[in-house]
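# Breakdown of the fold
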Amino acid sequence: MTPPATKPAANNLEAFFMPFTANRQFKKNPRMLAKAKGVHYWTPEGRKIIDGTAGLWCVNAGHGREEIKAAIAKQLDEMDYAPSFQMGHPKAFELAARHAALLPGDLNHAFYCNSGSEAVDSALKIALAYHRANGQGTRTRFVGRERGYHGVGFGGISVGGMVNNRKWFGAMLPGVDHLPHTHLAKNAFSKGQPEHGVELADALEGIVGLHDASNIAAVIVEPCAGSTGYLPPPKGYLERLRQICDKHGILLIFDEVITGFGRLGASFAAERFGVLPDMITIAKGLTNAAVPMGGVLIKDKIYDAFMDGPDHMIELFHGYTYSGHPLAAAAGLATMDIYAKEGLFERAASLSAYWEDAVHALKGLPHVIDLRNLGIIAGIELESRPGKPTARAFDVFLDCFERGLLIRTTGDIIALSPPLIVDKSHIDQIFGTIGEVLRGLD
Ligand SMILES: Cc1ncc(COP(=O)(O)O)c(C=O)c1O
């Protein structure tokens, strides 16, 4: 059809069906961002907003990085696109080698896609195909966890555990069980990893008892649950999961879409906790969000299991048109350079004590029922208004934005995760603003 001669009015907001947004509320009172640099956004009217969430947990090196911009522009000049099916281009290989070098243990291979959701679905498919290649094709079940978030693909919502992301979408994948979440009231106001809850990992033994290990392909968890309002793992919990998976030949997948690339003050949560999964899903901080990209980091034993049969045969019947896209690979390499040159993972580690103090200084403010932190993340849980879950936190979100601070809320929890380039004055501003808002809140 020929496009209409008269374009719709520029301020018509109806056409864009916004994701994970209260569309009607937004379109009555739009909150637009038009420019970004460092740890700040600016609205179209020029109001400066401090970014308390690194966009959506993704702009770890801060906004508007010249090095990333230059790398993308150079790549665009040289070659816009090349397929990764039966062809290659150098930067995707270079990026995979850089990721392998960064990772602990023998997580030496990277598969690339375009988002965290695709990374999760790819990891689940690789787990199934790995077992089949190993002659254990009955291992088809997955185990996720309540309150987990693994993106929005059918695989991700099936193993995920956030009810609103699941209840609208039918039966999802069959053959999925969920571990209990790790949020215990007796851990309220824990600093860093909570003391209680290691035994929650033992529920995996119950699931094995029900289905038999020979039917279970993989367990997937976020090492520190993110979208559900930050739930750091209880001490010993991840270690226990690893032990049980090893005992039963079940693959362990860490979804590090948020926790990867420095957020916890180490390259990955796997390094931070000294627990090595069989696969790690990544996205977000991978390219500092300048170009969409996701990936799955894979252990030798899994990759090697596919390298069988005649040489001319395709080993993995899975991939995306944009797997290893040249612009994303260029952005990923420039991002890795920044992380290394500026020591941003170490910077996050060195700021984490100051961050922790700032988080826990909110104790005693009206409506605050829990405070959680780890690395440069925080969850501030508010008591819900009777009969109106989410309303109180949403008011905090709106008020913070009016006062020049971008936060994120999930349920009645405020989630914070600023770029890792924040300094102490930014941290003071973020918590100062939240404190002011909470003091005036009904
Ligand atoms: C742990 C985790 N996994 C997967 C995803 C999905 O990533 P994307 O939105 O890029 O599909 C997210 C996004 O927040 C996430 O936090």
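As a reminder, the structure under discussion sits directly above these lines.
What counts and what doesn't
Residues numbered from 1 in each chain as written. Predicted model: local features only at pLDDT ≥ 70, side-chain atom pairs only at ≥ 80, totals over all residues. Heavy atoms only, no water. Salt bridge = Lys/Arg side-chain N within 4 Å of Asp/Glu carboxyl O. Buried < 20%, exposed > 50% of the residue type's maximum accessible area, 1.4 Å probe, protein only. Core = buried A, V, L, I, M, F, W, Y, C linked by side-chain atoms within 4.5 Å. Contact = heavy atoms within 4.5 Å. Patch = residues over 30% accessible without salt bridge, like charges linked within 9 Å, V, L, I, M, F, W, Y side chains within 5 Å. Areas by Shrake-Rupley, 256 points an atom, 1.4 Å probe, with all protein chains shown as cover. Phe/Tyr/Trp six-rings, centres within 6.5 Å; stacked < 30°, edge-to-face > 60°. Helix = DSSP H or I, 4+ residues; strand = E, 2+ residues; numbered from the N terminus. Lys NZ or Arg CZ within 6 Å of the ring centre and 35° of its normal.

Tallying each qualifying case throughout the model produces 21 salt bridges. Here arginine 372 and aspartate 370 are joined by a salt bridge, their closest N and O atoms 2.7 Å apart. Grouping residues by exposure puts arginine 372 and aspartate 370 together as buried. Aspartate 399 is paired through a salt bridge with arginine 403; the nearest N and O atoms lie 3.0 Å apart. Arginine 403 sits in the partly exposed class, given a relative accessible area of 40%. Salt bridges sharing partners connect three or more residues here, namely Arg242, Asp246, Asp278, Lys299 and Lys301.

Among the nonpolar cores identified, the biggest contains 58 residues, and Leu179, Val219 and Ile280 are the most heavily contacted of them. Here valine 219 is in contact with Val143, Leu179, Leu204, Cys245, Ile250, Leu251, Leu252 and Ile253, once residues within four sequence places are set aside. Membership of the second largest hydrophobic core comes to 36 residues, among which are Ile50, Leu362, Phe397 and Leu438.

Nonpolar side chains collect at one region of the surface, where Phe154, Trp168 and Phe169 lie side by side and expose about 410 Å² of accessible area between them. Exposure remark for phenylalanine 169: the relative accessible area of 43% places this residue in the partly exposed category.

Right, let's talk about the packing of aromatic side chains for a bit. Think of a pair of aromatic rings as described by two things: how far the centres are apart, and how the planes are tilted against each other in angle. All chains considered together, the criterion is met by 7 aromatic pairs. Centroid distance phenylalanine 20 to tyrosine 149: 6.4 Å. Interplanar angle 70 degrees. Geometry classified as edge-to-face. Of this pair, phenylalanine 20 sits in the segment before helix H1 (23-28) while tyrosine 149 sits in the loop between strand E5 (141-145) and helix H6 (154-159), placing them 129 residues apart in sequence. Aromatic pair tyrosine 81 and tyrosine 322: ring centres 6.0 Å apart, planes at 90 degrees, arrangement edge-to-face. Taken together, the residues span a long stretch of sequence, with tyrosine 81 in the loop between helix H3 (66-78) and helix H4 (90-102) and tyrosine 322 in the loop between helix H11 (300-306) and helix H12 (326-342) at a distance of 241 residues. For tyrosine 81, a relative accessible area of 30% translates into the label partly exposed. Taking the relative accessible area as the measure of exposure, tyrosine 322 reaches 45% and is therefore partly exposed. Taken together, the ring pairs connect Phe261, Phe268, Tyr339 and Phe345 into an aromatic cluster. Of note, lysine 35 hangs over the ring of tryptophan 42, and the distance from its end group to the ring centre comes to 4.8 Å. Sitting above the plane of the phenylalanine 401 ring, arginine 47 keeps its charged end 5.1 Å from the centroid.

By themselves, these figures tell us nothing about what the structure is for.
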